[in-house]
Amino acid sequence: MPGLVLPYSVMADAAPICSYGQATCHVPSLADLFDRVIQQSSRMHGISTDLHSEFDHYLPSKNFIGKQRCHTYAILTPDDKEKAQRLGREQLTEVILRLLMAWGDPLSQLHWSMSQDQNQDFNQYRSNKALEISDIVRELKDGVIKVAERMKRLGLNGNFVSYISPENVDPFSAISFYKRGELNSVDHQDLLYCFRRDSHKVKTYLRILKCSTFPTLDC
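Residues numbered from 1 in each chain as written. Predicted model: local features only at pLDDT ≥ 70, side-chain atom pairs only at ≥ 80, totals over all residues. Heavy atoms only, no water.

The name given to the protein chain in an unreviewed UniProt entry is Prolactin 2, with the source organism recorded as Sphaeramia orbicularis. Here is the UniProt Sequence similarities (unreviewed entry) comment for the protein chain, exactly as written: "Belongs to the somatotropin/prolactin family." Under the UniProt heading Subcellular location (unreviewed entry), the entry covering the protein chain gives this text: "Secreted". (UniProt positions renumbered as here; feature names shortened; annotations may be inferred.)

Encoded structure:
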């Protein structure tokens, strides 16, 4: 991977952000920031997998949903680990952020739609899980931006974070992509299938990004 690679032990910010009057505070290193977002991405993928599995108990399973069925199909992503490893750190970070930003509104709509369903017991559980996923995506996006900004300060990434915004990331609304009007259970299942797939990509790409930044780790 081209570009500067710093030792794992020196990946700390020289300018700590502490509360006023706080005598001491822990400044998370870049490695710490990576660990946090990787843990969040694993949690996000785990919840999405569990929630999608719940649907399989209530709805007939689908053998296959084509790539273009997902509203994120226009976001170019590496098909496998080897292709992801060949991307530069800046490119891979951008792919991760594009995927996360593309799911903000769809997950909020998914949560709202599930909360309106009449099957109170099951759908209360699903609605709560959808809200939890939505919160994780928002926190994870913010965490990845912090990682990218820290990498920029360390000379590991260029200045690209500032121009990645929802306006140029998600040209399609997930709701209008499927259909206009209220979502039904099949739409919920489709969205969760796509999100589970994309969340797995995010988790994988973050691990690859960390390993490319810290090549001395056993990845």
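On inspection of all chains with the given rule, the structure shows 1 disulfide. A disulfide bridge connects C70 with C194, and the sulfur atoms are separated by 2.0 Å. The sign of the S-S torsion, about -85°, decides the handedness of the disulfide formed by C70 and C194: left-handed. One end of the pair, C70, is in the loop between α1 (30–58) and α2 (81–86); the other, C194, is in helix α8 (residues 185–213), with 124 residues separating them in the sequence. In this structure C194 comes out as buried when scored by relative accessible area, which is 0%. (Disulfide = S-S within 2.5 Å. Helix = DSSP H or I, 4+ residues; strand = E, 2+ residues; numbered from the N terminus. Buried < 20%, exposed > 50% of the residue type's maximum accessible area, 1.4 Å probe, protein only.)

It is worth spelling out the confidence of the model for the protein chain at this point. In the predicted model, the protein chain carries a mean pLDDT of 77, and 67% of its residues have values of at least 70. In the predicted structure, residues 1–5 sits below a pLDDT of 50 and forms 16 contacts with residues beyond four places in sequence or in another chain. The low-confidence segment residues 8–17, where pLDDT is below 50, has 21 contacts with residues more than four positions distant or belonging to other chains. (pLDDT = per-residue confidence, 0-100. Contact = heavy atoms within 4.5 Å.)

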